[in-house]
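Here's the letter readout for the chains.
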Amino acid sequence: MRLTGVPLQITVVVVALAAIVATVRLAPRVSGGRAMDVLARLGLILGCQLCVVLAVLDVANASFDFYGSWGDLVGVRAKTRNLAVPPANASAANRSALVTPDPTAPRYRLPAGQGRIDSVVIHGTRTLINERAFVYLPQQYFAASDRTRFPVLVAFTGYPGDAQNLITHLGLPRTVAQEVAAGRMPPTIVVMLRSTVAPPRDTECTDIPHGPQAETFFAQDVPVALASAYRTADRAAGWGAMGDSTGGYCAAKLVMRNSDRYSAGISLAGYYHALQDFTTGDLYGRSKAYRDENDLLWRLRHLPSPPVSILLTTSRVGEKDYAQTRRFLALTRPPMRVASITLPFGGHHFSTWRRELPPALQWLGARLAGGTPTGSFTGRPTGPGTSGAPGPGGRSLSVGRR
């Protein structure tokens, strides 16, 4: 049974209910004071609680896709390196050895006129990392000439998570299509990835000494691979990154540390330095200097500002990153530019990020070069909304009621 499938959910819920019934019925039979009775009652309680906890965890995982497969859960990576390269007469999107079709991934269809989503594997030539991804192509991509290039948005999930969360829970391709159709964003290619490349380890998009080179994969391998298979912008001005939670930290760090590859980033409730724990292991080889280099607030205090643009989103109530976001805004100096969306309240979940997504995409679209927008694109949020609190180092955007 699939880890996120309905059959497994039904099974664990039924088992949990059966455990509760069994505990109620059997408890009177072991109500004595003998050691065996005490141990039996303890076993009934622990078994019942274990079944209930597993049922809750499975339903929650199925709802948010923290772990998309049994392999992700136990740390066994699917074999993607040896997927066959498609024949020469395959479609242009599938001819590159660096981007190959993923026959095992879910297939997603958009309404007519909104574009296409490809399920692919991206093969890293520098890092030898192979990572599943979904690539959204706007409808304009198929109508344009072969010489037309399009801006690119590289989007990351949080941790743990699966790239399909950006489709099923955040609604990223659908929202991009709507903003493009309304003329508030230029037609943009969107590649959707998870933020870790070595599950279940949380790599925090870091080049780990003697470990996975996650940052190099996202900063170098991904752009090269995508450019070999799609008509992508050929300058950093046409590339942006975004993500939620851990993905937000990844996006901001990727842009700030690789301004030659990315020019703008969106951090949806991201944080500003990685907390090392049992999921990350030693990220920096015990080097304080390398840890500082990956701390975004430290970079603003001690290093020259990169020529990039960053949008940060947070909530006064419901997000833990509010104080650090204000600090980031206060520390920002030219040539770096920063903007913010601050909600009065909003939890650390997709319903909050879906509210912030349309104005965030409009902001990004105004800053990405490499494509020709449709309609009267201005890049400014439209319609009534709740004003974000202006930060000391930047301007605020509006969030429409959705």
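Remember, predicted model here, so these are calculated numbers, not experimental data.

Analysis parameters
Residues numbered from 1 in each chain as written. Predicted model: local features only at pLDDT ≥ 70, side-chain atom pairs only at ≥ 80, totals over all residues. Heavy atoms only, no water. Helix = DSSP H or I, 4+ residues; strand = E, 2+ residues; numbered from the N terminus. Buried < 20%, exposed > 50% of the residue type's maximum accessible area, 1.4 Å probe, protein only. Contact = heavy atoms within 4.5 Å. Areas by Shrake-Rupley, 256 points an atom, 1.4 Å probe, with all protein chains shown as cover. UniProt positions renumbered as here; feature names shortened; annotations may be inferred. Core = buried A, V, L, I, M, F, W, Y, C linked by side-chain atoms within 4.5 Å. Disulfide = S-S within 2.5 Å. 1 Å grid on protein atoms, 1.4 Å probe; cavity = no way out; pocket = protein on both sides within 12 Å on 5 of 7 lines; lining within 4 Å. Points joined across faces, edges and corners; volume = space filled by probe spheres on them. Nonpolar A, V, L, I, M, F, W, Y, C, P; charged D, E, K, R; others polar. Patch = residues over 30% accessible without salt bridge, like charges linked within 9 Å, V, L, I, M, F, W, Y side chains within 5 Å. Salt bridge = Lys/Arg side-chain N within 4 Å of Asp/Glu carboxyl O. Arc of directions from axis to C-beta. Polar contact = N/O pair within 3.5 Å; in protein donor to acceptor, adjacent residues only side chain to side chain. Pairing = 2+ DSSP bridges. Right-handed = clockwise from strand over helix to strand, strands pointing away.

1. A look at the overall build of the protein
The helix and strand inventory of the protein stands at 12 helices and 12 strands. The buried share of the protein, reckoned over its 402 residues, is 51%. Partitioning the intrachain contacts of the protein with sequence separation of at least 6 by distance along the chain shows that 71% fall at a separation of at least 24. Accessible surface, the protein as shown: approximately 18200 Å² in total, 59% of it carbon and sulfur.

2. Quick notes on the UniProt feature "transmembrane region" (unreviewed entry) in the protein
In this numbering, the UniProt entry assigns the feature "transmembrane region" (unreviewed entry) to residues 6-26 and 38-57. Between the end C-alpha atoms of residues 6-26 there is a gap of 30 Å, over a span that is 100% helix and 0% strand. Each end of residues 38-57 is marked by a C-alpha atom, and these two atoms are 28 Å apart; helix forms 100% of the span and strand 0%.

3. Describing the nonpolar core
Ile-122, Phe-218, Tyr-230 and Phe-328 are the most contacted members of the largest nonpolar core, which has 54 residues in total. Per-element accounting of this core gives the leading share, eight residues, to helix α7 (residues 214-229). Ranked by size, the runner-up nonpolar core spans 35 residues in total, among them Val-190, Met-192, Leu-268 and Phe-350.

4. As for the state of the cysteines
Per the stated rule, a full pass over the model turns up one disulfide. The disulfide partner of Cys-205 is Cys-250, and the S-S distance across this bridge is 2.1 Å. Measuring handedness by torsion sign, the sulfur bridge of Cys-205 and Cys-250 sits at about 100 degrees and is right-handed. With Cys-205 in the loop between β5 (189-193) and α7 and Cys-250 in helix α8 (residues 246-257), this residue pair connects regions lying 45 residues apart in the sequence.

5. Focus: the layout of surface pockets
Estimates place the volume of the largest pocket at around 710 Å³. As for the largest pocket, its lining consists of 30 residues, of which Tyr-159, Ser-245, Thr-246, Tyr-271 and His-348 are closest to the centre. When grouped by side-chain class, the residues that make up the lining of the largest pocket number nine nonpolar, 14 polar and seven charged.

6. Thoughts on a nonpolar patch on the surface
Among the surface-exposed residues, Val-13, Leu-17, Ile-20, Val-24 and Val-59 lie close enough to one another that they form a single nonpolar patch of about 390 Å² accessible area. Here the nonpolar patch gets four residues from one element, more than from any other, and that element is helix α1 (residues 6-26). Among the structural elements, Ile-20 can be located in helix α1.

7. What about helix α11 (residues 322-331)?
Along α11, the residues that are buried comprise Thr-325, Phe-328 and Leu-329. Across the axial projection of α11, the buried residues extend over an arc of 100 degrees, all falling on one side.

8. Considering the pattern of salt bridges
Pairs may arise between side chains of opposite charge once their charged atoms sit close together. Per the counting criterion, the structure on display carries nine salt bridges. For the salt bridge of Asp-37 with Arg-34, the shortest nitrogen-to-oxygen distance reads 3.3 Å. Overall, the relative accessible area of 8% leaves Asp-37 in the buried class. In this structure Arg-34 comes out as exposed when scored by relative accessible area, which is 59%.

9. Examining helix α6 (residues 172-181)
Most of α6 sits inside the fold, with seven of its 10 residues counted as buried. All buried positions along α6 are accounted for by Leu-172, Pro-173, Thr-175, Val-176, Ala-177, Glu-179 and Val-180. Gly-183 occupies a position one or two residues after α6 and carries a positive phi of about 80 degrees.

10. Examining the side chain of Glu-215
Checked against the element boundaries, Glu-215 lands in helix α7. Residue classification places Glu-215 among the buried positions, given a relative accessible area of 5%. A polar contact of 3.0 Å, which involves the side chain of Glu-215, links it to the side chain of Asn-258. Ignoring anything within four residues of it in the chain, the contact list for Glu-215 reads Cys-205, Thr-206, Asp-207, Leu-254, Arg-257, Asn-258 and Asn-294.

11. A closer look at the pairing of strand β8 (residues 309-317)
Here β8 lies mainly inside the structure; seven of its nine residues are buried. In the sheet, strand β7 (residues 264-268) pairs with β8 via five bridges, with the strands oriented parallel. Bridging across to β8, Ser-267 finds its partner in Leu-312. With eight bridges joining them, β8 and strand β9 (residues 337-345) adopt parallel strand pairing. Directly across from Thr-314, in β9, lies its bridge partner Thr-342. Chirality of the crossover, the property in question, places the unit of β8, α11 and β9 among those that are right-handed.

12. A word on unusual backbone geometry
Going from Pro-199 to Pro-200, the amide bond is cis rather than trans, its omega being 5 degrees. Examined against the element boundaries, Pro-200 turns out to sit in the loop between β5 and α7. Here the residue pair Pro-334 and Pro-335 is connected by a cis peptide bond, since its omega of 10 degrees sits within 30 degrees of zero. Among the structural elements, Pro-335 can be located in the loop between α11 and β9. At Leu-128, a residue that is not glycine, the phi angle is positive and equals roughly 60 degrees. Residue classification places Leu-128 among the exposed residues on the basis of a relative accessible area of 52%.

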